[in-house]
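Residues per chain are reported as follows:
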Amino acid sequence: MAADLEEEVQAIDKSLLECSAEEIAVKWLQANDLQKEVYQHLAYYVPKIYCRGPNPAPQREDMLAQHVLLGPMEWYLCGEDPAFGFPKLEQANKPSHLCGRVFKVGEPTYSCRDCAVDPTCVLCMECFLGSIHREHRYRMTTSGGGGFCDCGDTEAWKEGPYCQKHELNTSETAEEEDPLMQLPEDMVARAYNIFAITFKYAVDILTWEKENELPGLEMIEKSDTYYCMLFNDEVHTYEQVIYTLQKAVNCTQKEAIGFATTVDRDGRRSVRYGDFQYCDQAKSVIVRNTSRQTKPLKVQVMHSSIVAHQSFGLKLLTWLGSVIGYSDGLRRILCQVGLQEGPDGENSSLVDKLMLYDSKLWKGARNVYHQLFMSSLLMDLKYKKLFAIRFARNYERLQSDFMKDDHDREFSIADLSIQIFTVPSLARMLITEENLMTTIIKTFMDHLRHRDIQGRFQFERYTALQAFKFRRVQSLILDLKYVLISKPTEWSDDLRHKFLEGFDAFLELLKCMQGMDPVTRQVGQHIEMEPEWEAAFTLQMKLTLVISMMQDWCALDEKVLIEAYKKCLTVVMQCHSGFTDGEQPIVLSMCGHSVETIRYCVSQEKVSIHLPVSRLLAGLHVLLSKTEVAYKFPELLPLSELSPPMLIEHPLRCLVLCAQVHAGMWRRNGFSLVNQIYYYHNVKCRREMFDKDIVMLQTGVSMMDPNHFLMIMLSRFELYQIFSTPDYGKRFSAENTNKDVVQQNNTLIEEMLYLIIMIVGERFSPGIGQVNATDEIKREIIHQLSIRPMAHSELVKALPEDENRETGMESVIEEVACFKKPGLTGRGLYQLKPECARNFNLYFYHFSRAEQSKAEEAQRKLKRRNREDTALPPPALPPFCPLFASLVNILQSDVMLCIMGTILQWAVEHNGYAWSESMLQRVLHLLGMALQEEKQHLENLSEESVVTFTFTQKISRPGEAPNNSPSILAMLETLQNAPHLEVHKDMIRWILKTFNTIKKLRESSSTSPVAETEGNIMEESSRDKDKAERKRKAEIARLRREKIMAQMSEMQRHFINENKELFQQTLEELDTSTSGVHENSPVISDAKLTALGPEQTRVAEHRQVVMCILCQEEQEVKVDSRAMVLAAFIQRSTVLSKNRNKIIPDPEKYDPLFMHPDLSCGTHTGSCGHIMHAHCWQSSCTVLCGCH
């Protein structure tokens, strides 16, 4: 190696080795025109050092560059030998309190989950180990390269911004002190001169586009050598490049792999060296071979002098980065030089030129100047602000360049946004002074120009280029998230004005999403091509956190919230007017109530799952309640202008669509719709989709007559006829022989009841119910652990994350769960505390169908183990906030009582109607919710207040003429003894018990003004109740008689078995007349007869009592009893076969019961032996099919 280097040194031009850095520096110090002197020096020596042959020689080049080119600059800067000058600078410098270590790819980074302002605030390993954060909850990741350590940045940390190393530097340093004061005046002047010349030289040469000339550099000896330079792109594969190079430059595969690797790493590599024609020939082969399917590889023929100067230009930028590390004063001088406006006015500074040329530079050049920006501009707090302003002003152009660029974002200057926008003071300043929010959103919308006639985004039939651009444009949403991630503590008028201007732009964006990707139900044949749905959902997912953060910002200032609410309402009304499509008005009448609505069928018209404007309005409406703005400033809010039917229309359509998909009505629309429904409910999207639709319906119900709401809901679910027309249900069942239609109808009724349960029961969001954020998280955890014990990672995945990637689980988990440590194998699990089981809600709105089924099974099993009844009553709920208080009246509305009464009537007369147990179970749950509500009203009753919730009285009242249907209470008492509803008996019993508790509470509450009228109502229903009571007592007596008879029969059988001889003797002594009685009496089918003649006698009666494995009910096996079945598996058997090789000619017509003498094959029937009622088995199958 030493010999090679010696040969290389001997081959070097002696004039290079004889150069004296000190002499050149002295000459420069005396020069009148320093730039001319420096440029002449570089023009002469750079081509002699760099690019002297086909292959680079980095060791030789670096050695000579340091000696001949950089040495004189260092001497000039220091005014003495840099070996002494730089250490003196370093010693005199007060070290920065900022760490600023730039991360390499794969380097570990640490973020404190307790103290970091946002997840982008990270520490290097050295700073982390020396900080207080090592004792906190922290997150460890590997860097993708390009970021730097935030140690010392007080805006990045709530606590402990300094590690032990950098804390020492804070005591003496005053923030306002100018670092230039630490440098001698003559050095400041020299630094300005040399930095201005070298920085300008590097920028000019890197942004130079002419291939045969140089900027301000006159070549003394112009050689005739060129390079064929191959550039990197993200389109072509390694294999394509290697194959092309082998053909173009006649190299071996190993050489081609080396070229391809360097191109990928550094961004470019010369693949041929020689005269122009020789290099141009290689270029044409490369372009021709790579342009068949995609755009060709970028390849240029460049003069060797230009390549040499560009190589040194990069070396010079690296040198500048290392020199400013010696002194903060030098760093500030370089920042001033870089940001100083040139003669051309705007965007003429060196920093602007580099930024705006970024997309044309190769990867290696970008990396070098990005590192310089980070070590200079971003490390000086004064110039970081100035750089941020330049970056914001050029934002639109930088993003447009990035869209056209084929390099990944990590290699683009646009990626520096994370370093600027996440600094709270800078973000706020840029919003106020540069209108950054509006700029980002408008830039985003400018790149998504593909719209339909209504102006909505359209992703269908996207070209490859549009799809590529869409992937790129998503990074702008990240920038918007960075700007909003730190919320303001104080608001200025300018900030309010600019935020609301940005909010306007954001509403325009959401308006383009409102109603995008509409679907129409496919009838007849299956959809031919699955439509594009992923792009719209990707956009929704990316925007979810931004929408949440927008609401958080609005909540912080009352004026902003009121204005944002008004603006959002205006846009909702604009969107709604564009949706109507000439729908005709109709009048719905039911139970003495009428409402006017529009004729619309989800199963026939277009419907969209994307309604971000409506959902944002729902979120803002909740904030009016949460921040109490609705109660403080009602006169400033347009609440009187709200049209509740308009507000609920589109969210209701969306929820009906989900119900119909679940009912199997949209099967022919393929998997695209199924996937959309899945993500609509998924933890990643539901906060700003499904949850907000429920909130919007709650808002609508709280502002309108609940009877009107329910009629509109029945109409949208296409169930209005069934509940508004007497006996329509029976006719519907009789006329529809198609089981699918009946099943679909049943499922829709179940889904509608489930929706009502959610509207009334989901009040755990702050602003809807009187709860706080921790109550909401607790409830989520309780219901996840109700399914089964879970590991920490499983729970985290099931909970929604905020903008800081936190779920809030750790703060509450110990209150609701116990941690079960892992054994030798397995993992630790959180188990729900027994006292939290009372908060379990079977119809929790974030359960999937499968989770609901598992949770129900687990909770019933737990109750059986604790020897409790298996009822799963609704839990006690927190009270609503005043803005939503009227919502509970939906439970006692006339239409609701009619719906519940109708379904209970179907259950009572279960043979004439098509109904399901799930339907009944939901009605029982709603009854339970209403009773709980009334109980809470009575318990919290003050002396002055009047009880307006009188559900118990209403369910005690029988139906009016001409139907004269029994009251809901009477029907419940009837159903309590119905043998086909054994599984629901515990729940019905709980409801009746709660009813009696409320009755006693009412009797004891003499202050209640309602108590006087109670007697009259009870008198009206007393006859009906007496009848039901008599029927109930008769049923109890019958069951008691049957039990006694069964016991007597069992005792008799035991007695006969023990005294067989005596009994046989007694039978033989019976006279003939007894025999006659036996002849004339009806023969019981399960008795065993001993003879057929006139002397026939009967043996002791043998009773077989079995238990149904499904409903756990015991029953005697008789011909006239309900049918009992066994589950069996029948299969072919050759156990006794004498001819196993025999082939059955026509297996379909073969009857295994009539076998050939060779017993070639028979049947084997296997069963687990568990006996079930045929009815229970059919119900079980139906439920299983419905769940899956």
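All values reported here derive from a predicted model rather than from experimental measurement.

(A) Region of the structure containing the overall build of the protein chain. Secondary structure summary: the protein chain contains 48 helices and 13 strands in total. The buried share among the 1188 residues of the protein chain stands at 51%. Put simply, the protein chain shows about 58500 Å² of open surface, and 51% of that area lies on carbon and sulfur atoms.

(B) Up close: the pairing of strand β6 (residues 585–590). The side-chain alternation of β6 yields one buried face, formed by Ile-586, Leu-588 and Met-590, and one unburied face, formed by Pro-585, Val-587 and Ser-589. In this sheet, strand β7 (residues 593–598) lies alongside β6 in antiparallel orientation, the contact comprising six bridges. In the sheet register, Ser-589 faces β7, and the bridge partner there is Ser-594. Remark: two residues form the turn of the hairpin made by β6 and β7, two consecutive strands paired antiparallel; Cys-591 in that turn has positive phi of roughly 55°.

(C) Focus on a negative patch on the surface. The grouping of Glu-234, Asp-264, Asp-408 and Glu-410 at the surface amounts to a negative patch. Along the chain, Glu-410 falls in the loop between α18 (395–404) and α19 (417–421). Glu-410 sits in the partly exposed class, given a relative accessible area of 45%.

(D) Fine view of the sheet that holds strand β5 (residues 299–303). Within the open sheet, the three strands sit side by side as β4-β3-β5. Their pairing is antiparallel. Two strands in the sheet have a free side with no partner beyond their single neighbour: β4 (268–274) and β5. When strand polarity is set aside, the average angle formed by the axes of neighbouring strands in this sheet is 30°. Where strand β3 (residues 226–231) meets β5, five bridges bridge the pair, whose relative direction is antiparallel. Bridge pairing in β5 places Leu-230 opposite Val-299. The strands touched by helix α12 (residues 276–290) are β3, β4 and β5; relative to β4, the strand with the most contacts, the crossing angle is about 135°. Across the sheet, helix α13 (residues 304–323) is in contact with β3, β4 and β5; its angle to β5 comes to roughly 95°.

(E) Region of the structure containing unusual backbone geometry. The backbone phi angle of Asn-250 is positive, close to 50°, even though this residue is not glycine. Relative to the helices and strands, Asn-250 is located in the loop between α10 (238–249) and α11 (253–266). Note on Asn-250: relative accessible area 66%, which makes it exposed.

(F) How the structure looks around the packing of helix α42 (residues 968–975) against helix α43 (residues 985–1004). Where α42 meets α43, the closest approach of the two axes is 10 Å, and the angle between their N-to-C directions is 140°. With respect to α43, the element α42 is oriented oblique. Of the two possible hands of crossing, α42 and α43 adopt the one that is left-handed. Side by side, α42 and α43 meet where Leu-969, Leu-972, Glu-973 and Leu-975 of the first sit next to Ile-988, Ile-991, Leu-992 and Phe-995 of the second.

(G) Main features of the packing of aromatic side chains. Overall, the coordinates contain 35 aromatic pairs when judged by the stated rule. The interplanar angle of 75° and the centroid separation of 6.0 Å between the aromatic rings of Tyr-39 and Tyr-201 together place this pair among those described as edge-to-face. In this pair, Tyr-39 sits in helix α4 (residues 34–49) while Tyr-201 sits in helix α9 (residues 185–206), placing the two residues 162 residues apart along the sequence. Each member of the pair, Tyr-39 as well as Tyr-201, is classed as buried.

(H) Spotlight on the environment of Arg-101. Mapping Arg-101 onto the fold places it in the loop between α6 (82–92) and β1 (108–112). The exposure class assigned to Arg-101 is partly exposed, which follows from its relative accessible area of 38%. Taking C-alpha positions, Arg-101 is 8.4 Å from Asp-150, a pair spaced 49 residues apart along the chain. Not counting chain neighbours up to four residues away, the residues in contact with Arg-101 comprise Glu-107, Cys-124, Gly-147, Phe-148 and Cys-149.

(I) Representation of the side chain of Glu-933. On the secondary structure map, Glu-933 appears in helix α40 (residues 917–939). The buried category is assigned to Glu-933, whose relative accessible area is 7%. With near-sequence residues (within four places) excluded, Glu-933 lies in contact with Arg-763, Val-888 and Phe-949.

(J) Spatial organisation of a nonpolar patch on the surface. Taken together, the side chains of Val-1135, Leu-1136, Met-1155 and Leu-1159 present a nonpolar region at the surface, about 400 Å² in accessible area. Relative to the helices and strands, Leu-1159 is located in the loop between β12 (1124–1133) and β13 (1162–1173).

Conventions and cut-offs
- Each chain has its residues counted from 1, following the order in which its sequence is written.
- Note on the predicted model: pLDDT of at least 70 is required for a residue's local features to be given, and 80 or more for side-chain atom pairs to be given and counted; whole-chain, interface and lining totals, by contrast, use all residues.
- With hydrogens and water stripped out, all remaining heavy atoms of the structure feed into the side-chain values.
- Note on conventions: DSSP H or I runs of at least 4 residues are helices, E runs of at least 2 residues are strands, and numbering of each starts at the N terminus.
- Throughout this description, buried means an accessible area under 20% of the type-specific maximum (1.4 Å probe, protein chains only), exposed means over 50%, and partly exposed covers the range between.
- Surface exposure here means Shrake-Rupley accessible area, sampled with a 1.4 Å probe, where a residue is shielded only by the protein chains that are shown.
- Each pair of strands is called paired provided DSSP finds at least two bridges between the two strands.
- Patch membership needs two things, relative accessible area over 30% and no salt bridge, and members are linked within 9 Å if like-charged or within 5 Å if nonpolar (Val, Leu, Ile, Met, Phe, Trp, Tyr).
- By salt bridge we mean one thing: a side-chain nitrogen of Lys or Arg within 4 Å of a carboxyl oxygen of Asp or Glu.
- Note that His is not counted, nor are the chain ends; the positive residues are Lys and Arg, and the negative ones are Asp and Glu.
- Think of each charge as sitting on NZ of Lys, CZ of Arg, CG of Asp or CD of Glu.
- Interaxial angles span 0 to 180 degrees and are taken between N-to-C directions of axes, which are lines fitted to C-alpha atoms, for helices over the stretch in contact.
- By definition in these notes, contact holds between two residues if any of their heavy atoms fall within 4.5 Å.
- The labels follow the angle: roughly parallel below 35 degrees, roughly antiparallel above 145, roughly perpendicular from 65 to 115, and oblique for the rest.
- The crossing is said to be left-handed when, going from far helix to near helix, the turn is anticlockwise and less than a right angle, and right-handed when the turn is clockwise.
- Any Phe, Tyr or Trp ring, taking Trp's six-membered ring, that has another such ring centre within 6.5 Å forms a pair; planes under 30 degrees apart are called stacked, those over 60 apart edge-to-face, and the others tilted.

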